[in-house]
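Spelled out from the first residue to the last, the chains are:
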Amino acid sequence: IEAKLSKFIPAGSVRRHGYNQRRDSWRSRDSANGHGSNGQLKPPVQVVSGNFVMAKHKGVVDGVNFEYTGEVRNVWADAILQHMEQNQIVLVDNLGYTERGQVLNCSSFDIARKVSKALMADKLIVYHGEQVAALNLPAWIGLSDDKYSWIPGTAGTDASNGTSETCANASLANTLRGGDIHADPNVLELSLALQVCKEGVPRTHLINAYSDGALFLELYTRDGLGTMVSKDLYEGMRPATLSDLEQLKGLLAPLERVGTLITRSLDEIRADVEDFTVIERERKLIGCSLLKKLDKDVGEISAFVVQEEFRTEHRGDALLDFVEQRARNSGLKTLVLLTTRTGDWFDARGFENKGPAHSAREILPKERLCLVDPQRESMLFVKQLETGVVGPPGSRIGY
């Protein structure tokens, strides 16, 4: 796997320096510095394994004795977490153990699902081959998408008919192959990804094992490389309507009172209502953002608000991602925003500080520059939008 991640020099060939010199003077500090009694360094990465998976015999199904094939009963999550707290990598293979110590061969997909759920993992990464890549899956699959909904019991062997159901329903089957899919190993990875998200893992990444640097590109670039399955973090996001005016005014008011946002009248909000994106939860607005087109290439983000109690749920990131995609679809190439207090947050998300807004004559159109209040000392932040990753708003969570 390491060889497929990138073409950089393998970690195993990197030489460690510094210990052999003055070895005698270091012996007294071996234990404090993590060295063994023979003066050798401990492994830089510790990998451990064990009997973390409890299993039972699959038994006889339709007259077939599966002998040493097992089914996962439980996962010893506490033991795994103890090793992880010691900065050790825990390797969980496909072996499960009975109460009497017998070793059984279990499904790797089932173990991945049960371990992810038991550890309450933030994400599961699933490598696949070229056959899955040929399916041309979208960059993002949200669980609210009916085409990719999952039916319990479809990701694995179905004891009733002995087949391996590898897709969720007829809609998905039609999308991938033009018919029902049975006993097709090509999409087991997709079925696993859908299933673990249904069971509580927020995100699953499907990554082509043969793409150079795929893991890093998927995790550390905003639009990724593979396919991400996730709970719909865009849920509730939509363009604002006239019926939202009062709630929008109430959402902006607290930040207007403390001077973070400029004050907007109800008439001003009404004039721009079509350019607002809002987040609605249980018929209540919990966030909003205004995107106005300054010229054919430049758009301005303003009135960016997420209620404080929802800021730990990545709602701000999802809202910004949604607005950026909306900007791309509108043909915009550059986004600007003026802020006095939230510059650090936007700086961490790719916006560049260009200094005081009232002196940004080469960036802001003249008509917009005339409206900047120099006394506010607002700072101008600019972001160039990537090209070639355009999709409808809500097509991909970029983090």
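What comes next is a walk through the structure. Being a predicted model, the structure only gives us computed values, none of them experimental.

With that out of the way, let us pick up the layout of surface pockets. Put simply, the largest pocket is a space of about 1,400 Å³. Looking at the largest pocket, it is lined by 28 residues, and the ones nearest its centre are Val 90, Leu 91, Val 92, Leu 124 and Ile 125. Among the elements of the structure, helix H4 (77-85), strand E6 (89-90), helix H5 (108-118) and strand E9 (123-128) are those that each provide at least two residues to the lining of the largest pocket. It is H5 that provides the largest number of residues to the lining of the largest pocket, a total of 6 residues. Residues of the lining of the largest pocket, tallied by class, amount to 22 nonpolar, 4 polar and 2 charged. Quantified by volume, the second largest pocket comes out at close to 1,000 Å³. If you go around the second largest pocket, you meet 38 residues; those closest to its centre are Leu 261, Ser 302, Ala 303, Phe 304 and Leu 338. Sorting the residues of the lining of the second largest pocket by element identifies helix H11 (266-272), strand E17 (284-293), strand E18 (298-306), helix H12 (315-329), strand E19 (334-339) and helix H13 (343-347) as the ones contributing at least two each.

Taken together, Val 45, Val 47, Ile 89 and Leu 91 make up a surface patch of nonpolar side chains, about 370 Å² in accessible area. Inspection of the secondary structure assignment puts Val 47 in strand E1 (residues 47-48).

A separate point is the pairing of E19. Of all 6 residues in E19, 5 are buried, a share of seventy percent or more. Sheet analysis places E18 next to E19, joined by 3 bridges and oriented parallel. Looking at E19, one finds that Gly 299 is bridged to Leu 335. Of the crossover connections in this fold, the one passing from E18 over H12 to the parallel E19 is right-handed. Here 6 bridges tie E19 to strand E21 (residues 379-384), and the two strands are oriented antiparallel to one another. By the bridge assignment, Thr 334 is partnered in E21 with Gln 384.

Our focus in this paragraph is the sheet that holds strand E10 (residues 140-142). Strand order across the open sheet formed by 4 strands is E9-E13-E14-E10, with mixed pairing between neighbours. For this open sheet the edge positions go to E9 and E10, each flanked by a neighbour on one side alone. Going across the sheet, the axis of each strand differs from the next one's by a mean of 15 degrees, ignoring polarity. Looking at chain direction, E9 and strand E13 (residues 203-208) are connected through 6 bridges and run parallel. Note that in E13 the partner of Lys 123 across the bridge is Arg 203. Here helix H8 (residues 188-198) sits on the sheet and contacts E9, E10, E13 and strand E14 (227-230); the angle it forms with E13, its principal contact strand, is near 165 degrees.

A few words now on the packing of aromatic side chains. By the definition in use, this model includes 4 aromatic pairs. Plain terms: the ring middles of Phe 304 and Trp 345 are 5.6 Å apart, the flat faces sit at 45 degrees to each other, and that makes the pair tilted. A residue pair is termed long-range when its members are at least 10 positions apart, and Phe 304 in strand E18 and Trp 345 in helix H13 qualify at 41 residues. A relative accessible area of 27% means that Trp 345 is categorised as partly exposed. Put simply, the rings of Phe 304, Trp 345, Phe 346 and Phe 351 pair up and form one aromatic cluster. The residue whose ring lies beneath Lys 58 is Phe 66, and the NZ or CZ to ring-centre distance is 5.2 Å.

Parameters at a glance
Residues numbered from 1 in each chain as written. Predicted model: local features only at pLDDT ≥ 70, side-chain atom pairs only at ≥ 80, totals over all residues. Heavy atoms only, no water. 1 Å grid on protein atoms, 1.4 Å probe; cavity = no way out; pocket = protein on both sides within 12 Å on 5 of 7 lines; lining within 4 Å. Points joined across faces, edges and corners; volume = space filled by probe spheres on them. Helix = DSSP H or I, 4+ residues; strand = E, 2+ residues; numbered from the N terminus. Nonpolar A, V, L, I, M, F, W, Y, C, P; charged D, E, K, R; others polar. Patch = residues over 30% accessible without salt bridge, like charges linked within 9 Å, V, L, I, M, F, W, Y side chains within 5 Å. Areas by Shrake-Rupley, 256 points an atom, 1.4 Å probe, with all protein chains shown as cover. Salt bridge = Lys/Arg side-chain N within 4 Å of Asp/Glu carboxyl O. Buried < 20%, exposed > 50% of the residue type's maximum accessible area, 1.4 Å probe, protein only. Pairing = 2+ DSSP bridges. Right-handed = clockwise from strand over helix to strand, strands pointing away. Axes fitted to C-alpha atoms, helices over the stretch in contact; angles between N-to-C directions. Contact = heavy atoms within 4.5 Å. Phe/Tyr/Trp six-rings, centres within 6.5 Å; stacked < 30°, edge-to-face > 60°. Lys NZ or Arg CZ within 6 Å of the ring centre and 35° of its normal.

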